[in-house]
Structures are given as structure tokens and as C-alpha cells.
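Observations on chain architecture
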Amino acid sequence: GSGSLVAWSLTITDLDPIRFALIFERFLNPERISLPDFDIDFCQDRRDEVIEYVRQKYGIDHVAQIITFGKLQARAVLRDVGRVLGLPYVYVDKLCKLVPNNPTHPVSLLEAIKKEPTFQQMMDEDPQIERLVSIALKLEGLYRHASTHAAGVVISEAPLEEVVPLYKDPRSDIPVTQFSMKFVEKTGLIKFDFLGLKTLTVLQKTVDLLNARGVDITLSSIPLNDATTFTLLHRVETIGVFQLESGGMQEVVKNLRPDRFEDLIALVALFRPGPMDDIPRYIACKHGQEEVRFLHPKLEPILASTYGVMVYQEQVMQIAQVLGGYTLGQADILRRAMGKKIHSEMEAQRKRFVDGAQEKGVAGQIAEQIFAQMAKFASYGFNKSHAAPYALLAYQTAFLKANYPIEFMATLMTCDMGNIDKLTHYRQELIRMGIPLLPPDINTSYAEFSATLSEERPAIRYGLAAIKGSGLMAMQKVAEERQTNGAFKDIFDFCKRFSIRVINKRVFDALVFGGAFDTLHSSRRLLSENLDTILKQVESDRPAETSHRQHSLFGEENFKHDYKKDLLEGSDWPPLTRLQNEFQVIGFYLSAHPLDTYGTAIKMLGGSSLQKVIEQKKEKATIACVVLGLQKRIARSGNRYAFLQFSDTSGNGECVVFSELLTSAQDLLKEGKCVLLTLQTKFDSDIPRFTVISVQDLDIVLSSTLEAVHILVSNPSALEVIAAYLGQKTTGNVGIYLKAPELEGHVFILPQKYNLSFEDITSLQAISGIQNISVTSR
């Protein structure tokens, strides 16, 4: 559609098709048999509005979505048959994992049996598996269920029930055609693709954030030669940039060093199976490392912009027009014939092209070579009118990230609030960019992530709805209440302003675990364990004229007791428990990290950080980290292995643990355990692959080197508790340094040294009145 000048004039599309050589005949021409096709992408948040608009405009009985049928593929049919036969899940799962998982080219059950000797062996040895597979082979390929096409919508002139049979999905109000996409067009219906694209949502929300702070920006008018944007691309800082995020694409961007918008169009078109083979030549010619060659001078105006490399289907059409004497409509038929590889038609087209080229003075042998190149390319070539709009989205996201990184990254995180892996990924990008991610705060956070520019240092404030278990609608109500009636004064004021239907126990705990109430009350444990007490106080505080008219949740007891005092004293969870709870609802360690306890001691071990290992491409490294999880697997050989998720202060990673180490170190590989990993690293297109060589208990390793503990006390009452704790310890080699208000800023060194481990330091940190603990090692 972007090849249409009329569509551009009506602002349906944003790219001038004349400037970027987007050929109209690729969209519509007199020789085209099928209807022209618009692939329309909408902001994913408002796609349903578009479909509803179409229904109202053309009539609800004239609009339907298109059905799709889910087929029983190899793994699915094994699982379904296994379940019906009553076979154990683990039994069937082991068999399913022998089927290679290839989403783009699914492997059939018969292919899997032929490729995997273990598969046939299991069938020969076990009659139950033989029966399972024999039934599955008969059922494979049958339709399993009906669902709705992700984008397809049909609009009919007559009521749809007069044109096609319809199906009613009980989960949707919109009818669905019983004919799938391949057949529905044959009935004469016009098919539209209404796609929800997250990138458009990111762009719009970022612009909204900018407009809210007075930055007037219109994406359709930003310059396409912005130096800051291309500098960002040269540095390959493409996390969050549309189409350019993958490791393979980042490698191409690094080598290409794009410096014009046309490079991005070519990049989108080339980075696909088939055209990828031409990427090295394109890059070499762009940078003058290889001479740009043309088989004939008449090809130069057509291929000069892509350094002599065929990149787009439109170039095939132009070559047919200029050299072969085709109209552009006829050239489109040639392109389709080449793409479908119909031998008889290809031979007729080859003769016509060569004859036409010879009439224009092109030697027959050269014309044959050009046609052969066109035929090879057209079988996988990409449509420039498709690549150009995608390149525009890539450029626009890169522009916003380069020029307005705070708003862009905040929006990016908002659009992936439900995806912990993505949020963790973006958090690591924020660390690299030097942008602080502030913890959630009930008095400053909104439901979504927000840009905080009024602070001394620009930052992103964590969104309340991104806390797992909080709920988007509930958090929107919290933000609305705060904006309407002012900030929450304390935890009692907060509970007073919401009913139990909005903030129930589950939501309350999620907010507590995530640290949203930290500015109202310092102890997360006391808040979590005393919700009933808090609600009793709220009821007690109600004015008499309202409380006597309301039925109490707690019976008719006297509400004169001041429960606020019950929350003033009491310790918080131990630091590690507090952080584990936080990790549970945030997905990563935000307010602190379990390794912070160890202070500078880790550096004394000569270890590295995950970030440095990746940046410096170290082949072997030692990393102090905390275990996040362990996913055990069974290899085809029958040996056990596992994927270990871990976290250090620079980010999260994953490594492989093989059978022998998995057995010997199983007690150390538990969630929340702090360990010292020695890793072997291999880099595949800049993507690190980690294998664990050894695992050690970090506490034991560091305890042997512990020299001194420095304790900063905020409340003098903690001194007595510290003395009592140390009184239980034997004499050792660890010195104690105390700093407290009562000591007037002086550091007090205890005369005795103690035998302390890092577990003791964790216990000391849990004492109320201790502000901070740091350690030094030998």
C-alpha cells in the first residue's frame, strides 16, 4: 500500500513513494487478477476500536473475522494421545523432546522417527510407546481446534450469512467465517489485515509522555538524517529498536554502519533467509572494499542505490521494464511467475525478456545472465513497499531512544509490563545507559512506568501495575485517588481511601513485597503481617456519624484501642528474605541485591561481573552470584543437565550445568543461594553461551578471608543487641568497627576479635537500628 501516491496524499501512509522509488504497480495494476492488499498495522491497545468502527460503519452482519484451524503436529499429537491412553506425563514428555522443535518448518512424526535412533529404539523396546506412536501417526495433521486469525477481517456487500457459513466463538461477539483465509477470498469477499503492532503503541505513548512535558513532536515530520540517531546505530545500541534487536541483526548493523535511511530499508529487506547471502557483498560495496559492478550500464540507475545488489522485488520489475520492454503491470506478472517457479511460464517469460532486451541493444548472452539473476533473486526477494515502512518504524524508535531515552525506555517497559524476561532485559539496558530505575512508590508512581525529570538526575519510576499481583485497574484507581485527593499520609490513610474490593490482601501484599509503601512505613514484615490490625484502626478512626451507620467487618468490639502503636516497633524481615519477596513480585532485585551484603569482599576474590565478561568477551571467568532457578533436562543420550538462572549486581544470566556437576553440587544450586561460579564462555554472533566448570559456596569462600565488619548504627538501642549477639561468639580473627550518633561520629573499635561468618553478618543486618554493614577481606 505504501507504493500508492494517493494513499500518501491522504496520509494513510507516511512515506513519499516517489522519493523512495516505491512502485505503484506493485500494489495495483491492470494485469493484476487479485485485489490489491493493504497490510494495516494499528496500535495494539486500540485495534479492537478499529474493528468495532468497521462493524458499525458497514453493519455488524457484514463484518467478520476469519477462522484458522490448529493442526495436530508431531509433539501435540503425542501429548494428546498419551493423555487419552493414560500414560504418565514424564513418560510422554521424554518422547516428545525427541521431536526437534522448529516453529518455521515443523518436523513430522515420521521424519523425527527416521532422524532420531532413540525414538525407534524406544518403540521397539516398549509396546505402549509403539501403540502410542502408531495411533499418533494416523491422527497427525488433523484439525485439533478452531481459532481466530490474528489479523484477517472480511467485509461483505451483502449480509455475510448469505455469502459464507459462519461460526460463533463463545468467547467473542464477532462472528467468524467457516472458510479459512485461503478459501474465503474465492467467495468474492474483500480481506483486510488489521494487525496490532506493539511498536506503534510504544511510539504513541512516548510521544504522549513528551507532549505532557511540553515537547511538541510529530513523528511524521522528524528528519530522516538525524546524526544522533545514526550515532546510536553505529554504537549498536539497538535494544528496543524495532527490527534491529536480535543478535544476528546487531552483528549486521555493526558491520554495515548505516548512515542514511535507505540503508535501513535495505537492511530490513536483506535480513531474511535467502537475501542474507547478499549482505556481505552489500556491506563490502558500501564501504569500498569491493567494486560495484553492473552486468549492463542500463542496470546502474536501478541498482546504484543498493551498490549493484538486487535487494527488492521492485528492482526486478524495473529491470523488466527498462531492459525487457515490459509494462510495470506485465513486470509484476513476471515477478510472480519467478516467485512461484512455474517452469513452462518461466521459459515463455525468459524468451520474451531476452528478445525484448536484444531489441534495446542488450547482447543475448548478457540478457540471459540478467534474467537468471532476476529469477534466482525473485524467488526470495522482498517487497520494498513493505520494507520501507518497517525501516521507518526502526528509524523512529531509534530516533526516540537516541534523543529522548528516558521517555522511550519508560514506555518500552510499560508495553511489556507482563513480561518479566523483557523487563529484566530492559533493566540491564538501563544500567548500561546509566539511567536509574527508581523503586515503586505509592505516592509518586503511576500505574505505568513514568519519566522522572524533576529530580537531580533524570530517572524512570517503576510502575505500580508492573508489580506482579497488583492489577492494572486497581493501580489506575490508586493513581487517580492520589491525584484527586492528595498524597497518602500513612498506611492507615491509604487503607481508609479504598474498599476491600479494590485493595484486597493479595494486592496489598504485592505492593508491600515490591516496596511501594516503604516511604510510609519502613518495615515490610509488619505491614504484611498486620493488615487486619491496620483495618481495625481504620475502622476505629472513622467519624462516629459514619461508623455507627456501617456494619463492622470485625463485630461490635470497642474500637478505641490505638493500633498504630502496634506498628511502631518490631524488626523487618532479614535482608535476604526481604529481597527474595521483592524478587517474587518484581522479577529482579531492584532496591538492593543479595550480593550487596558482601561489600568489597567479592572484589578481593578477583572475580568479574557478568557485564564485564560479555563486554570483554572473556572465555573463562569467575562470577559471584545468587541462584534464581534451575530447570532440569534430560539429553537424548539419557544424561541429565540443567539450565541455571543466576543474578549478579550487573544483571541476570543463564548457564548450562552438566550431569556430573549437577549431582555433586545439587545442594548449592538452590534458589536464593549465593555461589561462586567458574564459567566457560563461547560467543555465537556476540551472544554468550555459558557452561559451569565449578560451583563453590560463596559464604564459605569469603568467610575464610573475612577481616573486619563495619557497622553503622542509626539507633543506640541496637548497641545492646549487637553486644548480646557477639557475646555468643568465640574469639577469632574478625575485627568489629562501630559508628553511631552517640559516638559523635567517631569509629569505635571493639577490643576483642570474633569468629564470624557471612551468615552472622546476615543475622546482624536483621537487627533493628542498624543502618548499614560493610566488610573487608584479607
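Calculation notes
Residues numbered from 1 in each chain as written. Predicted model: local features only at pLDDT ≥ 70, side-chain atom pairs only at ≥ 80, totals over all residues. Heavy atoms only, no water. Helix = DSSP H or I, 4+ residues; strand = E, 2+ residues; numbered from the N terminus. Buried < 20%, exposed > 50% of the residue type's maximum accessible area, 1.4 Å probe, protein only. Pairing = 2+ DSSP bridges. Disulfide = S-S within 2.5 Å. Salt bridge = Lys/Arg side-chain N within 4 Å of Asp/Glu carboxyl O. Expected span 1.5 Å × (residues − 1). Arc of directions from axis to C-beta. Contact = heavy atoms within 4.5 Å. Axes fitted to C-alpha atoms, helices over the stretch in contact; angles between N-to-C directions. pLDDT = per-residue confidence, 0-100. Phe/Tyr/Trp six-rings, centres within 6.5 Å; stacked < 30°, edge-to-face > 60°.

With respect to the environment of Lys97
Summarising the element assignment, Lys97 is placed in the loop between α4 (89-96) and α5 (109-115). Taking the relative accessible area as the measure of exposure, Lys97 reaches 36% and is therefore partly exposed. Through-space distance from the C-alpha of Lys97 to that of Arg633 is 9.7 Å; in sequence the pair is 536 residues apart.

Side note on unusual backbone geometry
Phi at Val236 takes a positive value of approximately 55°, unusual for a residue other than glycine. Mapped onto the elements of the fold, Val236 is located in the loop between α10 (227-234) and α11 (247-256). Val236 sits in the buried class, given a relative accessible area of 17%. Even without being a glycine, Tyr307 presents a positive backbone phi close to 55°.

Some remarks on the pairing of strand β6 (residues 190-197)
Two strands pair when backbone bridges link them, and strand β1 (residues 39-43) and β6 are joined in this way by 5 bridges, in the parallel orientation. Bridge pairing links Cys43 to Leu197 in β6. The sheet contact formed by strand β3 (residues 143-155) and β6 spans 4 bridges and is antiparallel. Bridge pairing in β6 places Val153 opposite Phe192.

Considering the pairing of strand β14 (residues 687-697)
Relative to β14, strand β12 (residues 651-658) runs parallel, the two being bridged by 2 bridges. Opposite Cys655, over in β14, you have Phe690 as the bridge partner. The pairing of strand β13 (residues 674-684) with β14 spans 10 bridges and is classified as antiparallel. Following the sheet pairing, Thr681 is matched in β14 by Phe690.

Examining the state of the cysteines
A covalent bond between the sulfur atoms of two cysteines is what we call a disulfide. Following the criterion strictly, the structure yields 0 disulfides and no others. This cysteine, Cys655, is not joined by any disulfide, and Cys625 carries the nearest cysteine sulfur, 7.1 Å off. For Cys655, a relative accessible area of 1% translates into the label buried. Cys674 takes part in no disulfide bond, and the closest cysteine sulfur, belonging to Cys625, lies 8.3 Å away.

A short note on the pattern of salt bridges
Taken as a whole and judged by the stated rule, the model has 33 salt bridges. Asp332 is the partner of Arg336 in a salt bridge, and the nearest nitrogen-oxygen pair spans 3.8 Å. Of this pair, Arg336 and Asp332 both sit in helix α16 (residues 328-340), 4 residues apart, roughly one helical turn. The network of salt bridges with common partners includes Arg235, Glu237, Lys401, Glu429 and Arg432.

Topic: helix α2 (residues 47-58)
If you check α2, its first and last C-alpha atoms are 17 Å apart, about what 12 residues at 1.5 Å a residue would give, namely 16 Å. Turning to α2, its buried residues number three or more, namely Arg47, Val50, Ile51, Val54 and Arg55. The arc that holds every buried residue of α2, seen down its axis, measures 140°, which confines them to one face. In α2, the exposed positions that point more than 90 degrees away from the buried face belong to Asp48, Tyr53, Gln56 and Lys57. For α2, the secondary structure elements touched by its buried residues are β1, β2 (63-71), β3 and β6. Gly59, located one to two residues past α2, shows a positive phi value of around 105°.

Focus: the sheet that holds strand β18 (residues 770-777)
Strand order in the open sheet formed by 4 strands is β17-β16-β15-β18, with mixed pairing between adjacent strands. Of all the strands in the sheet, just β17 (747-749) and β18 have a single pairing partner and so form its edges. Neighbour-to-neighbour, the strand axes of this sheet turn through a mean angle of 20°, independent of strand direction. Set on the sheet, helix α33 (residues 717-727) makes contact with β15 (706-713), β16 (731-739) and β18; between it and β15 the angle comes to about 155°. Against the sheet, helix α34 (residues 758-765) makes contact with β15 and β18, and its axis sits at roughly 165° relative to β18, the strand it touches most.

Some remarks on the sheet that holds strand β7 (residues 437-438)
Within a sheet, adjacent strands bond to each other through the backbone by hydrogen bonds, running parallel or antiparallel. Overall, mixed pairing links the 3 strands, which are arranged β7-β9-β8 in an open sheet. Looking at which strands have only one partner, the edges of the open sheet turn out to be β7 and β8 (450-452). Across the face of the sheet, helix α20 (residues 405-415) comes into contact with β7, β8 and β9 (459-461) while running at roughly 150° to β8.

So, the confidence of the model for the protein
Scored by pLDDT, the protein comes out at a mean of 86, with 95% of its residues at no less than 70. Throughout residues 544-559 the model reports pLDDT below 50, and contacts reaching past four residues in sequence, or to other chains, amount to 13 contacts.

Points about the packing of aromatic side chains
Within this structure, the stated rule accounts for 23 aromatic pairs. An angle of 70° between the planes, with centres 5.9 Å apart, marks the rings of Phe24 and Phe27 as edge-to-face. Residue classification places Phe24 among the partly exposed residues on the basis of a relative accessible area of 33%. With a centroid separation of 4.7 Å and an interplanar angle of 65°, the aromatic rings of Phe449 and Tyr462 are classed as edge-to-face. Of the two residues, Phe449 sits in the loop between β7 and β8 while Tyr462 sits in the loop between β9 and α22 (472-485), which places them 13 residues apart along the sequence.

Concerning helix α17 (residues 343-359)
Along an α-helix, residues three or four positions apart point the same way, because every turn accommodates 3.6 residues. The terminal C-alpha atoms of α17 lie 24 Å apart, and with 17 residues this matches the ideal 24 Å at 1.5 Å per residue to within 8%. The complete set of buried residues in α17 reads Met346, Gln349, Phe353, Val354, Gly356 and Ala357. End-on view of α17: buried residues confined to an arc of 165°, all on one side of the axis. Those residues of α17 that are exposed and angled more than 90 degrees off the buried face are Ser344, Lys351 and Glu359. Considering only its buried residues, α17 is in contact with α15 (313-324), α16 and α18 (364-378). A positive phi of about 90° marks Gly361, the residue just after α17.

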